[in-house]
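Listed below are the residues making up each chain.
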Amino acid sequence: MFRLDARSGAALALASALALTAALGASCAGAPPAQRGTAACPPLCPQPTKPPPPAAPGPVVPGTPGDAPVFDPERLTLVLDDPRLAPVQKLVAEEAYASAAAAMAQALSAPLSPADAAALRYQLGRLRALAGDPLGAAREYDAAAAAGGPLADYARFAAADLLAKAGQPDAAIERAGAVSSDVAIADELDRVVAHALAEKGDIGAAAARWQAYLARSWPASTWVPEALRFARALLRHPKEDHAEEAIRLARRVLDEAPGGAGAGEAKEILEQALSTLPFARRKPFLDPGPADLLARARALLASRQDKEALAVTEALIALPEAQAPSAFACDAFAARGEALGRVRRRAEAADIYGTAIERCGPAAPAAAASASAPAVATGASAPVAAAGAPAVAAGAPAAAAGAPAVAASAPAAPAAAGAGAPAPRRPETLYNAARASFRVDRHAEAAARFALLEKEYPDHRLADDARYLGARALLALGDQAQFVQMLTAMPDDYPSGDMVADGLFELALFEMERDGWAGAVRPLELGLARFPHERAYHAAGRFPYYLGRAHIETGSPDKGKALLEQVIRDYPLSFYMALAHARLADADPAAAQRALSAALERDASAPYAELRSPLFARPAFTRAVELARQGEAKLARRELDALGVGSRTAPREVMWASAFLLARAGALPQSYSILRTAMASDGRVELAGDWVDHYPAGRWRSAWELAYPRPFAALVAAEAKRSGIPEALAYAIMREESAFDPKVASPAQAYGLMQLIVPTAKRMAKPLGLPSSAEALKRPEVNIALGCRYLSVLRGQFSDNPLLAIPAYNAGGGAPKRWIAERPSQSFDLWVERIPYEETRLYTKRVLTSLAVYELLYTGDQPSEALRTPLPASPAARSAVANAAP
């Protein structure tokens with residue numbers, strides 16, 4: 001089975017000839033294995049004149065009559081893997097594209113098979129384009145198209161695109177017209193032809209093409225520049241209709257582009273277009289109606305433009321239409337609540353959501369008819385802050401935990417359009433309102449809002465979420481009996497609810513935190529019986545792990561050890577497997593070693609089904625293979641998505657093959673993401689059971705290597721050693737922070753592979769003499785060095801348990817110190833469960849999972865930190881508490 005180790009990972013990067021190419025950085029990665037990683041590459045030399053060897057067989061092996069073809073990753077070779085192209089590969093690694101093109105042209109002068117000649121000609125077109133020679137590239141693509149083969153239409157498209165950009169519109173339109181509509185790239189033809197038509201001055205035809213293009217779904221990096229280009233083209237042909245269309249395009253960019261991308265240019269276009277319109281046609285754009293304003297608020301919230309959304313929603317809720325219950329008023333105030341929460345004005349958000357509930361109208365008729373029914377399905381009374389406390393209107397904020405509860409049915413506002421019927425989004429508004437109250441510790445208000453949702457909409461998808469969070473709100477108020485009652489009844493009240501497992505687990509945690517291990521046994525047993533094999537990373541193995549602990553704590557050590565061994569056996573390298581191994585190793589090191597060894601031996605010989613599917617014979621898959629061979633990862637993914645990979649409706653065999661193809665094309669993040677997140681839902685293909693249920697042994701190892709790759713190997717090794725941290729930890733952090741994308745930037749202005757913010761980077765950079773700007777942090781050699789140093793600093797702050805550096809990396813070094821001070825004697829497992837920030841809690845579980853994988857995969861001969869987690873969260877803090885006891 002295809003192996004993706006540090007050397008072949010570098011080879012993939014070189015083949016891509018894009019930004020990742022230089023980043024991975026190893027020279028001669030496409031040379032034979034014995035030469036990879038050496039200091040010097042073979043020099044540029046004349047091409048051989050002897051006849052070429054026969055073409056290597058492709059990765060798709062035809063089946064026998066009646067059988068589907070087989071995909072064999074071992075047979076997949078890249079164009080630049082050809083030893084005759086080693087000089088080209090070296091020059092590509094150095095981003096010397098003009099020289100690489102010259103070397104490729106020299107290679108084409110040798111005798112070649114027709115298939116090899118077409119493939120090399122296509123690659124030469126890529127190299128000339130990268131070298132800044134669009135007309136030369138177009139000529140090579142024309143030659144590749146004339147040679148035929150699976151990529152002929154892609155060559156025609158590339159030539160059309162380049163010719164349009166080079167100011168040859170007629171030639172571009174001619175090439176575009178020859179592209180078949182069957183290829184995945186065909187939906188880009190409207191863009192290319194629009195450019196060419198605009199160059200010819202035919203704005204009417206160009207506009208139709210641009211409109212068709214922008215009507216499709218594209219990433220912002222694609223549609224934003226096209227929308228702006230279209231708007232500029234319209235303004236070059238002054239007409240009132242053109243100005244109005246340009247205004248709509250500019251407004252779309254301003255409202256929908258994530259993070260305000262393109263906002264500066266869009267504002268210029270907007271001002272210019274408005275200035276050309278007479279007042280009567282300009283006024284509707286300056287004074288939008290209620291529906292347009294609401295749509296704009298929603299767009300701004302969706303694009304994470306929170307400050308702009310705050311301003312728009314302030315105007316929105318002041319409209320006369322928002323002053324009485326209606327669907328519009330409900331949505332307006334809900335949008336305002338969301339905007340306030342986004343800018344951390346959380347108490348105001350909780351208040352405004354109260355008004356949103358009132359504006360959403362009264363309860364549905366069915367709920368009103370059952371007003372005398374109990375608030376929750378268990379027969380419990382509606383949760384209130386105190387017995388007999390007076391009810392208040394839904395919009396009244398509760399000032400403190402003991403404030404009165406929200407009334408079960410808010411009084412109706414004066415009659416208005418829609419009055420007498422609840423708004424369609426009333427249940428979502430109730431839920432978001434309750435969450436807003438919960439976040440600011442207004443637990444009585446939160447509990448009442450959650451209860452109202454359960455009572456009015458018992459069959460809604462959020463009803464079980466409301467039960468779970470409402471119970472937690474009541475526990476925060478000290479109502480332990482109601483908390484236990486509500487969560488105990490969840491399995492019966494919501495047999496299909498997706499929060500039932502979390503409810504049972506929360507009930508068990510409640511008991512375990514107060515050392516009530518005997519009381520935890522029952523909910524853990526129920527959870528294990530109801531959910532025998534959870535797969536989500538944050539939950540896989542939690543019920544058997546804690547049930548094992550509970551048995552040990554209550555005097556049944558053999559039963560408990562057997563469950564810990566089960567977790568080791570059945571949940572390979574999960575967060576709870578690491579905890580189980582550490583706990584079992586503490587009690588019985590030999591048993592822990594036996595359990596892990598047995599699982600590895602089992603999976604080393606486990607059968608691995610060959611990848612066989614009729615879809616491998618489809619032209620789309622053939623094109624995807626050839627594009628991957630060229631290093632065209634994005635284009636290959638387009639063809640694979642046409643087979644159902646993006647929607648996860650493709651057969652599992654095609655999903656696996658796609659992961660291998662993308663890895664070989666240098667697209668490591670896209671490759672492992674197919675395996676990393678695959679879960680069964682809504683009829684989508686299930687991949688998790690294929691590899692997550694097996695240890696990385698035997699033929700299963702290659703799947704884990706795809707999901708947990710090691711790009712930038714030389715950089716990581718050097719910087720981890722310099723900073724004194726495990727390489728596996730650097731990779732685990734990098735994988736979860738950036739998915740190995742060196743250019744990524746977060747909304748919080750964290751940059752690069754290890755997602756550093758500039759202030760932290762400055763502190764780390766000073767002693768190393770490195771730059772720390774946002775742009776510098778997108779360079780792998782800078783980011784990895786600073787990220788490794790920061791991890792080293794954090795580990796030094798938690799010398800008794802260096803794993804606490806993981807939550808510290810996410811939440812800041814001070815946060816784990818506070819949590820240790822609050823819970824100095826708590827075991828590490830329960831301490832992680834009670835990290836108060838959900839993001840940090842889940843992050844810690846993800847990184848520890850990745851750490852366990854990287855350690856076993858690549859440094860199995862060294863001691864593992866993940867599989868030897870300290871039992872106390874802070875051994876030093878626990879010892880200090882014990883010594884201080886009288």
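Residues numbered from 1 in each chain as written. Predicted model: local features only at pLDDT ≥ 70, side-chain atom pairs only at ≥ 80, totals over all residues. Heavy atoms only, no water.

Undergrad: How should I be thinking about the side chain of His443 in this particular structure?
TA: In this structure, His443 sits in helix α21 (residues 443–456). Residue contacts for His443: discarding those within four places in its chain leaves Phe438, Ala473, Ala476 and Leu477. (Helix = DSSP H or I, 4+ residues; strand = E, 2+ residues; numbered from the N terminus. Contact = heavy atoms within 4.5 Å.)

Undergrad: Looking at this model, I keep getting lost on unusual backbone geometry. Mind explaining?
TA: A negative phi holds for most residues other than glycine; trans holds for most peptide bonds. One non-glycine residue, Arg344, adopts positive backbone phi at about 70°. As for its placement among the helices and strands, Arg344 is situated in the loop between α17 (327–342) and α18 (346–359). Phi at Phe712 is positive, roughly 55°, even though this residue is not glycine. Of note, Phe712 is situated in the loop between α36 (701–707) and α37 (713–723).

Undergrad: Is there a simple way to think about the sheet that holds strand β1 (residues 60–61) in this case?
TA: Note: strands within a sheet are paired through backbone hydrogen bonds, in either parallel or antiparallel orientation. Across the sheet, which stays open at both edges, the 3 strands sit in the order β1-β2-β3 with antiparallel pairing between neighbours. Lying at the two open borders of the sheet, with one neighbouring strand each, are β1 and β3 (611–612). Pairing geometry for β1 and strand β2 (residues 70–71), over 2 bridges, is antiparallel. Looking at the pairing, Val60 lines up with Phe71 of β2. (Pairing = 2+ DSSP bridges.)

Undergrad: Sorry, what's going on with the state of the cysteines here?
TA: What makes a disulfide is a covalent bond joining the sulfur atoms belonging to two cysteines. Under the defined criterion, the tally for this structure stands at 1 disulfide. With a sulfur-sulfur separation of 1.9 Å, Cys330 is cross-linked through a disulfide to Cys360. Torsion about the S-S bond of the Cys330 and Cys360 cystine: about 60°, corresponding to right-handed handedness. Highlighted residues: Cys330 in helix α17 and Cys360 in the loop between α18 and α19 (365–369), separated in sequence by 30 residues. With a relative accessible area of 0%, Cys330 lands in the buried category. (Disulfide = S-S within 2.5 Å. Buried < 20%, exposed > 50% of the residue type's maximum accessible area, 1.4 Å probe, protein only.)

Undergrad: For this particular structure, what's the right way to read the environment of Leu286?
TA: Locating Leu286 in the fold gives a position in helix α14 (residues 279–286). The class of Leu286 is exposed, set by a relative accessible area of 52%.

Undergrad: Which parts of the structure should I look at to understand the pattern of salt bridges?
TA: A side chain of one charge can pair with a side chain of the opposite charge when the charged atoms of the two come close. Summed over the entire model, instances satisfying the criterion amount to 66 salt bridges. Where Asp142 meets Arg175, a salt bridge forms, and the shortest distance between an N and an O atom there is 2.9 Å. With Asp142 in helix α6 (residues 134–146) and Arg175 in helix α8 (residues 169–177), this pair connects stretches of sequence that are 33 residues apart. A relative accessible area of 26% means that Asp142 is categorised as partly exposed. Because the salt bridges share partners, they merge into one network encompassing Asp161, Lys165, Asp187, Glu188, Arg191 and Arg638. (Salt bridge = Lys/Arg side-chain N within 4 Å of Asp/Glu carboxyl O.)

Undergrad: It is not clear to me how the confidence of the model for the chain should be interpreted in this structure. Could you clarify?
TA: Caution applies to low-pLDDT parts of the model: their predicted coordinates are not meant to be read in detail. Summary statistics for the chain give a mean pLDDT of 86 and a share of 85% for residues scoring 70 or more. Scored below 50 in pLDDT, residues 367–419 makes 89 contacts in the model with residues more than four places away or belonging to other chains. Note that pLDDT drops below 50 for residues 679–686; the model gives that stretch 16 contacts with residues more than four away or on any other chain. (pLDDT = per-residue confidence, 0-100.)

Undergrad: Explain the packing of aromatic side chains to me, please; I cannot follow it from the model alone.
TA: Any aromatic ring pair is given by two values, namely how distant the centres are and how the planes are angled relative to each other. Taken as a whole, this structure holds 23 aromatic pairs when the rule is applied. For the pair Trp210 and Phe230, a centre-to-centre distance of 5.1 Å together with 20° between the ring planes defines the contact as stacked. Placement of Trp210 in helix α10 (residues 203–214) and of Phe230 in helix α11 (residues 220–235) is noted, with a sequence separation of 20 residues between them. For the residue pair Trp210 and Phe230, the accessibility class agrees, reading buried in each case. Grouping aromatic residues by their ring pairs yields a cluster made of Phe505, Phe543, Tyr545, Tyr546, Phe575 and Tyr576. The ring of Phe505 carries Arg542 above its face, with NZ or CZ at 4.8 Å from the centroid. Sitting above the plane of the Tyr708 ring, Arg735 keeps its charged end 3.7 Å from the centroid. (Phe/Tyr/Trp six-rings, centres within 6.5 Å; stacked < 30°, edge-to-face > 60°. Lys NZ or Arg CZ within 6 Å of the ring centre and 35° of its normal.)

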